[in-house]
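A closer look at the structure
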Amino acid sequence: MRLTAFTDYTLRVLMYLALHPGRLATIPEMARAYGISENHLMKVVHKLARDGLIVSLRGKGGGVRLMRAPGDIRLGTLVRASEGEAAIVECFSSDASACRIAPSCRLAGILGIAFEQLYATLDTYTLADLVVNERELVRLFPDAARTAGAAA
C-alpha cells in the first residue's frame, strides 16, 4: 500500500504544528520547510480545519494551529479520513461485476485482514508519538525559527 500525497502532507502539517505549539504557522512557512507546493498544503489545511483538527485564522497575522493536543489525535483516524473510502482493489468496489474472479478469489479477504491490521496498528499511535524527538525535528526547520521570530 502506498499512501497518497494528500495523506503524507496531512501528517506533515500536523507534525509541524505539533512541533510549534503556542504560535500560528503559515502555509508558505510550512511549504518552505518541507519543500512542497503551497497549493497542495492549502487543500490539506482546508480539510483539517473543516474536520476540526486545526484552527485557521485569516488575514495579516493569521495562520493555523492545532485545535487538539497531539496526544488526542490518532494516526489511524487521520489516515482513514485522508485516504477516504476508495477501494484499494477492484474486489473491494461496490460494483459487484468489477472483478470476474471475485466469487472464488481469496485476495479480498487477505487484503481486508491486512488493512484491518494496518489501521489497528496506526490506531495505537498518536501525533505526539511522531514528534517525540522534538529537538531533532525542529533543528531540521531552520527557517521556521526565523519566521516565528519575525512574526513575534
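The following paragraphs examine the structure supplied in this document. Just so you know, these numbers come straight off a predicted model, no measurement behind them. (Residues numbered from 1 in each chain as written. Predicted model: local features only at pLDDT ≥ 70, side-chain atom pairs only at ≥ 80, totals over all residues. Heavy atoms only, no water.)

Let us look at the nonpolar core. Val13, Leu17, Met30, Leu41, Ile54 and Leu66 are the most contacted members of the largest nonpolar core, which totals 34 residues. Elements with a minimum of two residues in this core: helix 1 (5–19), helix 2 (27–34), helix 3 (38–50), strand 2 (63–66), helix 4 (75–83) and helix 5 (107–123). Apart from residues no more than four positions distant in its own chain, Met30 is found in contact with Val13, Tyr16, Leu17, Leu41, Val45 and Val64. (Core = buried A, V, L, I, M, F, W, Y, C linked by side-chain atoms within 4.5 Å. Buried < 20%, exposed > 50% of the residue type's maximum accessible area, 1.4 Å probe, protein only. Helix = DSSP H or I, 4+ residues; strand = E, 2+ residues; numbered from the N terminus. Contact = heavy atoms within 4.5 Å.)

Time to look at the packing of helix 2 against helix 3. Packing of helix 2 against helix 3 brings their axes to within 9 Å, and their N-to-C directions diverge by 120°. If you check the angle between helix 2 and helix 3, you find them oblique. Seen along the crossing, helix 2 lies across helix 3 with a hand that is right-handed. In this structure, helix 2 uses Ile27, Pro28, Met30 and Ala31 to contact helix 3, whose residues at the interface are Glu38, Leu41, Met42 and Val45. (Axes fitted to C-alpha atoms, helices over the stretch in contact; angles between N-to-C directions. Parallel < 35°, antiparallel > 145°, perpendicular 65-115°, else oblique. Left-handed = near helix turned anticlockwise from the far one by under 90°.)

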